[in-house]
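# Commentary on secondary and tertiary structure
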Amino acid sequence: DTMTLRWNAAWTGGFLHLPKGRDGLEGLPEPWGHVVFSSPVGPGWARNGDFTDPRQGTALYAPLPHDWAQWRGLYLHGNDVILSYTVGGIGVLELAGIEQAGDRIAFTRTLQFESSTRNQALLVAQLPGAVAEIQGDSVLLRDPGTQQSLRATVEGVDGAVWEAGADGRLVLRLPRIRAHQSFRLVMSGGEGGIGVGSGFHPTVKPADLVALTRGGP
């Protein structure tokens, strides 16, 4: 979402189920497959540690204030798309990815700040009704009723703290991050879930996103 700088949803399976009313003008598209995680409407990054949305009424359909977060555009590098935006005036590059281990699929977010920063916090997902189990760099959210689960791990940064709210929101609070330091989130889930101790493991160092903005194949 380029207005709030958050991931609306990630899913496996098909593309999108497009509305048919009035030749597609009536209704909203929906994921055609299994939703692994989603997030509620609101800021994808905190301002001074706070996620309270300042927009009210019709302003909910407008971007966040520019001093909070601002979309800048994207870069293409082969099949990769590098997103560019600012958080609190600091430039951020982000690369979405996907990994597969056997029949399991994980979604990744690789991030890089253009200058050093501290005390940033990002909204990762929401799983209403879920109970959180945190173990080091990983967290497991599981809904006891449906057994739907989401596992998330942060790689490439020490001292990050997972925070799970009573409403099932999952937030990652970051320590001091050096300029151009790459770090990565790895998220997977599904029916039955993946245990905290048996998730995806890093196979490569998080990519240098700056290098991918300088042209390529």
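Coordinates for the structure precede this section.
In this report, we go over the structure that sits alongside the text. Note that the structure is a prediction, hence the values are computed from the model and not measured.

## Some thoughts on the packing of aromatic side chains
One pass over the structure, following the stated rule, counts 5 aromatic pairs. A ring pair is formed by Phe 37 and Phe 107, whose centres lie 6.2 Å apart and whose planes are at 85°; its orientation type is edge-to-face. Here Phe 107 lies in strand β6 (residues 104–113) and Phe 37 lies in strand β2 (residues 30–38), a separation of 70 residues in the sequence. Neither residue differs from the other here; Phe 37 and Phe 107 are each classed as buried. When the ring of Trp 45 is compared with that of Tyr 85, the centres are 6.5 Å apart and the planes differ by 55°; the resulting orientation is tilted. Of this pair, Trp 45 sits in the loop between β2 and β3 (69–77) while Tyr 85 sits in strand β4 (residues 80–87); the two residues are 40 residues apart in sequence, bridging distant segments of the chain. Across this residue pair, the class does not change: Trp 45 and Tyr 85 are buried. Among the aromatic residues, ring-to-ring pairing joins Trp 45, Tyr 85, Phe 113 and Phe 183 into one connected group.

## Side note on the nonpolar core
Phe 37, Trp 45, Val 124, Trp 162, Leu 172 and Leu 174 are the most contacted members of the largest nonpolar core, which totals 36 residues. Not counting chain neighbours up to four residues away, the residues in contact with Leu 174 comprise Trp 45, Phe 113, Asn 119, Gln 120, Leu 122, Ala 160 and Phe 183. The next biggest cluster of nonpolar side chains, apart from the first, holds 6 residues, and it includes Leu 93, Leu 95, Val 210 and Leu 212.

## Let's talk about the layout of surface pockets
If you add up the space inside the largest pocket, you get close to 360 Å³. What lines the largest pocket is a set of 19 residues, among which Arg 6, Trp 7, Ala 9, Leu 83 and Ala 96 lie closest to the centre. Secondary structure elements with two or more residues in the lining of the largest pocket: β1 (9–17), β4, β5 (90–101) and β6. By residue class, the composition of the lining of the largest pocket is 11 nonpolar, 4 polar and 4 charged. As a volume, the second largest pocket reaches approximately 310 Å³. Every residue along the wall of the second largest pocket is listed here: Arg 6, Asn 8, Ala 9, Trp 11, Leu 28, Pro 29, Pro 31, Ser 38, Ser 39, Pro 40 and Val 41. When its residues are assigned to classes, the lining of the second largest pocket shows 7 nonpolar, 3 polar and 1 charged.

About the thresholds
Residues numbered from 1 in each chain as written. Predicted model: local features only at pLDDT ≥ 70, side-chain atom pairs only at ≥ 80, totals over all residues. Heavy atoms only, no water. Phe/Tyr/Trp six-rings, centres within 6.5 Å; stacked < 30°, edge-to-face > 60°. Helix = DSSP H or I, 4+ residues; strand = E, 2+ residues; numbered from the N terminus. Buried < 20%, exposed > 50% of the residue type's maximum accessible area, 1.4 Å probe, protein only. Core = buried A, V, L, I, M, F, W, Y, C linked by side-chain atoms within 4.5 Å. Contact = heavy atoms within 4.5 Å. 1 Å grid on protein atoms, 1.4 Å probe; cavity = no way out; pocket = protein on both sides within 12 Å on 5 of 7 lines; lining within 4 Å. Points joined across faces, edges and corners; volume = space filled by probe spheres on them. Nonpolar A, V, L, I, M, F, W, Y, C, P; charged D, E, K, R; others polar.

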